[in-house]
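A structural walkthrough
So you can see what is in the structure, the chains are spelled out below.
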Amino acid sequence: MNFPLNAFHAIGLDATLLISLLIGVGFGFMLERGGFGSSKVLSGIFYARDWRVLKVMFTAIVTAMIGLYAAQGMGWVMMDQIAFRPTYLGGQVVGGLLLGIGFVTAGYCPGTSMVGLVSGKIDAAFVMLGILLGIGVFEEFFTTFVGLRDWGEMGRVSLSDWMGIPTGIVVLMVVAMALGAFALVGWLERQRQANLRPLRRWAGSGSAVAGAVLVAAVQFAGPGDARPMGPDPADASLSSTAITPQTLAAWMVEGDNGYLMIDLRSAVDAVEFPQAWVMAAVQLTDLRQRPDLPTDRVLLLVDASDDGSAREVADVLRDSGMDARALAGGAKAWHRDILEAEDGGPAARALRMMSSGKSPLLDGSAPPPVPKVKTPPPTRAKKKGGDCS
Amino acid sequence: MQQRAQTYWSPYLAGFGLGLVLLASILLLGNGLGASGGFAKVGLLAVNSVAPDHVQGLANAPSIMAGESFFMKDELVFVLIGVAIGGFFSAFSSGRVARRGVVERGPTTSRRRRLFMAIAGGLMMGLAARIARGCTSGQALTGGAMLSLGSWAFMFAVFAGGFGFAWFVRKQWQ
C-alpha cells in the first residue's frame, strides 16, 4: 500500500477530480452538520457562547492526525509526496491574526461561507464577495505583500522537528491537549448546556487516547516512510554536476520551468526535446556572446551520450558562476531509461502517459522534486502547499 | 437557538466525520482540504474572462493559474463545488435552508450594518489567507493534522486575533 494515491499521477486527472468533488461533498456535509452554516454558531466561540468550533476542529485534527501518522508509521505513506504545509512563521502568525480579526467580524471563515451561502444566508454571500476582493487586493499588490507572506521561512518543519521530540510523543501530547481543552470548555459551559453523557465522553476520550498510543507504538516499532517507487529523484537532483533522466522526467511532469535545456547536438538530431535551445558548444563557452543566457535557472546540457561534451561545457559554465548541469548519459540514456523503458519509475510512467495524449497534469497535485526556481516562470509553475489548497 | 442546536450533530461526531474526510483527502490526494485556494482560482478565472491582459500582468497569476492553464478542471475548484453540494444536502435534509434568504444578526443590528461587517471581514480574510498561505481549512485543519509548526502557529494566531478583536464587533450579535 502506498499513499498518497496520486503520487506522480498514479491515478488520472478525471479520477483526481472526482475524488476532489466527493471529498468536497463530505467536507461541506460535515461542516453543516457541525453547525457551521450559521455565523451565530461560528462566532459564538469568540464570545465564549458556543464552543462548537473548537470541539469540531480539535476532534477533526486529532482524528486525521492519528490516521495519518498511524499509516505513516506502518510504512504506507510517502511523506515526501504529501503537501506538508511548510512553515513561514512570520507570514503565518500575521496572516493568522488578520484572519482571526476577519473571522470574528464576518462571522464565517472562507470554507464555511460556502456552507452558509447554500443554507440561504445572505450575509455569507457578502463574506464570499469580501474574500474575493481581499484576494484581489493581495494579487494586485503582490509585490507589496510577498515579503510579509514569505517572512520567517523555515521549510518543512513539524512540531516534532521543532521540539526535538519523536512524532509518537507529539501525537500523544496533541491528544492530551485536545482532551484538556474539551474538559475546560465543558466546565465553562456547564451551566448552559447538558454535558455529554458520561459513557459517550469516556468512549470518545478513550478511543482518542488508544489511537494516540497506537500511533506512538507504530511510530517506534514500524518501518516509517514508504520508499518512493522508482529511483529517488530528490537525491539525484541534488547533484550539482549532472542530473539523471528520472529527475528530468520528474521536472517535466511537474511542468517546472526552473531549468533551461540546451541541446549540443545538431538541430537535425535534437528531436526529443523540442523545448531545448539548440546551440553548439563553442557558442556557449564564450559567455560574453550570450548575454541572454538566463542566470537564474538551471542550465541543462544535453548531448548524444556521455561521450559528448556536455559535461565539459557544464564545468566551464559552472566556473563562470552559472548553475549548469549535464543530463547523465545524454539523449541515449533518455531513450533507454525513460521513453523506451519498461517502467523507469513513476515520473517516467507519467511522462509517457502525457506524451501519449492522456494529460495527467494537474497543478498542485504532484510532489516537487524541484530545481531552484528563483523567478516565477511566465507560464506554468507549481504551487503545492503555497496556498490554502 | 436551543431548539435549532438540537438538530445539529454532536460537535464531536461532526468533528470525527470531518477528520475522516480530511484523512481521506491527505491519503488519496496528498493535499488535504482547502477553501481559499479555490476562491483565488475562481476569482482569477472570473477576472481573466473579462480582462485577460490584466491577469497576465499580475506577478503571482502564473502560480494560481498553474497546471491546465485557465481551465476550471482544478482540484481546489472541485472541492469547493463539492462543499456547496454537501453543505446544501446536509442543510436541506435537516430543514435548515432559509428559502428566501436570511441575514443572521443580533436583534439591535441593522441588516446593512451586518452586511457591511460581512464584506469587510471577508476582505480581511481574503487578504489574510493569501499572506498565511491558507485559511482555517488549508492551514489550521490540514496543517494542524500534519503537525506542521507554522500551521499550529497560524491556528493559535487565529484564535488570538478573533478573541482579541471580538469586543470591537460584539454589537452585531447583540
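Residues numbered from 1 in each chain as written. Chains lettered and ligands numbered in written order. Predicted model: local features only at pLDDT ≥ 70, side-chain atom pairs only at ≥ 80, totals over all residues. Heavy atoms only, no water.

Residue and element names in this part refer to chain B. Along its sequence, chain B is organised into domain 1 (7–97) and domain 2 (106–174). One C-alpha centre belongs to domain 1, the other to domain 2; they are set 18 Å apart. Summing both partners gives a buried area of about 730 Å² for domain 1 against domain 2, and 68% of it is carried by carbon and sulfur. Interface area lost by domain 1 to domain 2 is led by Leu22, Leu33 and Ser36, which between them contribute 49%. For the interface between domain 1 and domain 2, the tally reads 0 salt bridges. Taken together, the links from domain 1 to domain 2 amount to 1 residue pair in polar contact (both at pLDDT 80 or more). Elements supplying a minimum of two residues to the side of domain 1 that touches domain 2: α2 (11–29) and α3 (36–50). Its residues placed into classes, the side of domain 1 that touches domain 2 shows 7 nonpolar, 6 polar and no charged. (Domains from an automatic or database assignment. Buried area = accessible area lost by both parts, 1.4 Å probe. Salt bridge = Lys/Arg side-chain N within 4 Å of Asp/Glu carboxyl O. Polar contact = N/O pair within 3.5 Å; in protein donor to acceptor, adjacent residues only side chain to side chain. Helix = DSSP H or I, 4+ residues; strand = E, 2+ residues; numbered from the N terminus. Nonpolar A, V, L, I, M, F, W, Y, C, P; charged D, E, K, R; others polar.)

This next bit is on the packing of helix α7 (residues 142–149) of chain A against helix α7 (residues 111–131) of chain B. At a minimum axis distance of 9 Å, the contact between α7(A) and α7(B) shows a crossing angle of 60 degrees. It follows from the interaxial angle that α7(A) and α7(B) lie oblique. On α7(B), the residues touching Phe145(A), Leu148(A) and Arg149(A) of α7(A) are Leu127(B), Arg130(B) and Ile131(B). (Axes fitted to C-alpha atoms, helices over the stretch in contact; angles between N-to-C directions. Parallel < 35°, antiparallel > 145°, perpendicular 65-115°, else oblique. Contact = heavy atoms within 4.5 Å.)

Okay, the packing of helix α1 (residues 13–33) of chain A against α2(B) next. Two elements in contact, α1(A) and α2(B), have axes whose closest approach is 9 Å; the angle formed by their N-to-C orientations is 165 degrees. Taken together, α1(A) and α2(B) sit at an angle that is classed as roughly antiparallel. Note that α1(A) runs across α2(B); the crossing there is left-handed. Counting all contacts with α1(A), which are made through Thr16(A), Ile19(A), Ser20(A), Ile23(A), Gly26(A), Phe27(A), Met30(A), Leu31(A) and Arg33(A), the residues of α2(B) involved are Ala14(B), Gly17(B), Leu18(B), Val21(B), Ala24(B), Ser25(B), Leu28(B) and Leu29(B). Class assignment for the residues of the contact of α1(A) with α2(B) results in 11 nonpolar, 5 polar and 1 charged. (Left-handed = near helix turned anticlockwise from the far one by under 90°.)

To continue, consider the side chain of Ser38(A). As for its position among the elements, Ser38(A) is in the loop between α1 and α2 (39–44). Exposure remark for Ser38(A): the relative accessible area of 1% places this residue in the buried category. At 2.7 Å, the side chain of Ser38(A) forms a polar contact with the side chain of Glu104(B). (Buried < 20%, exposed > 50% of the residue type's maximum accessible area, 1.4 Å probe, protein only.)

Moving on, we get to the pattern of salt bridges. Applying the stated criterion across every chain, the model contains 7 salt bridges over all chains. Between Arg133(B) and Asp150(A) there is a salt bridge, with the nearest N and O atoms lying 2.2 Å from each other. Of this pair, Arg133(B) sits in the loop between α7 and α8 (136–145) while Asp150(A) is found in the loop between α7 and β2 (153–155), placing the two residues in two different chains. A relative accessible area of 7% places Arg133(B) in the buried class. For Arg265(A), the salt bridge identified is with Asp263(A), shortest N-O distance 2.8 Å. Accessibility classification places Arg265(A) together with Asp263(A) in one group, the buried group. Residues joined by salt bridges that share partners form a network here, namely Arg149(A), Asp150(A) and Arg133(B).

This next bit is on the side chain of Gln92(A). Tracing the sequence through the fold places Gln92(A) in helix α4 (residues 89–106). In this structure Gln92(A) touches Pro86(A), Thr87(A), Ala132(B), Gln139(B), Gly150(B), Ser151(B), Phe154(B) and Ala157(B), once residues within four positions along its chain are discounted.

Right, let's get into the state of the cysteines. Considering all chains together, one arrives at 0 disulfides over all chains under this definition. Among the cysteines around Cys109(A), which has no disulfide bond, Cys135(B) carries the closest sulfur, lying 6.3 Å off. (Disulfide = S-S within 2.5 Å.)

For the rest of this paragraph, the subject is the pairing of strand β6 (residues 298–302) of chain A. Residues and elements named next belong to chain A. Of all 5 residues that make up β6, 5 are buried, and the element is covered over most of its length. Because side chains alternate across β6, one face comprises the buried residues Val298, Leu300 and Val302, and the other comprises Leu299 and Leu301, equally buried. Two strands pair when backbone bridges link them, and strand β4 (residues 259–263) and β6 are joined in this way by 5 bridges, in the parallel orientation. Paired with Met261 across the two strands is Leu300, which belongs to β6. In this structure, β6 lies alongside strand β7 (residues 324–327), joined through 3 bridges in parallel fashion. Within β7, the position partnered with Leu301 by the bridge is Ala326. (Pairing = 2+ DSSP bridges.)

Time to look at the pairing of β7(A). Bridge count between strand β3 (residues 242–243) of chain A and β7(A): 2 bridges; the pairing is parallel. Across the sheet, Ile243(A) pairs through a bridge with Leu327(A), a residue of β7(A).

A word on helix α3 (residues 52–73) of chain A. All names here are of chain A. In this model α3 runs 31 Å from its N-terminal to its C-terminal C-alpha over 22 residues, within 8% of the 32 Å that 1.5 Å per residue would give. Burial of α3 is extensive: 21 of the 22 residues sit out of reach of the surface. The positive-phi residue at the C-terminal boundary of α3 is Gly75, with phi of around 85 degrees. (Expected span 1.5 Å × (residues − 1).)

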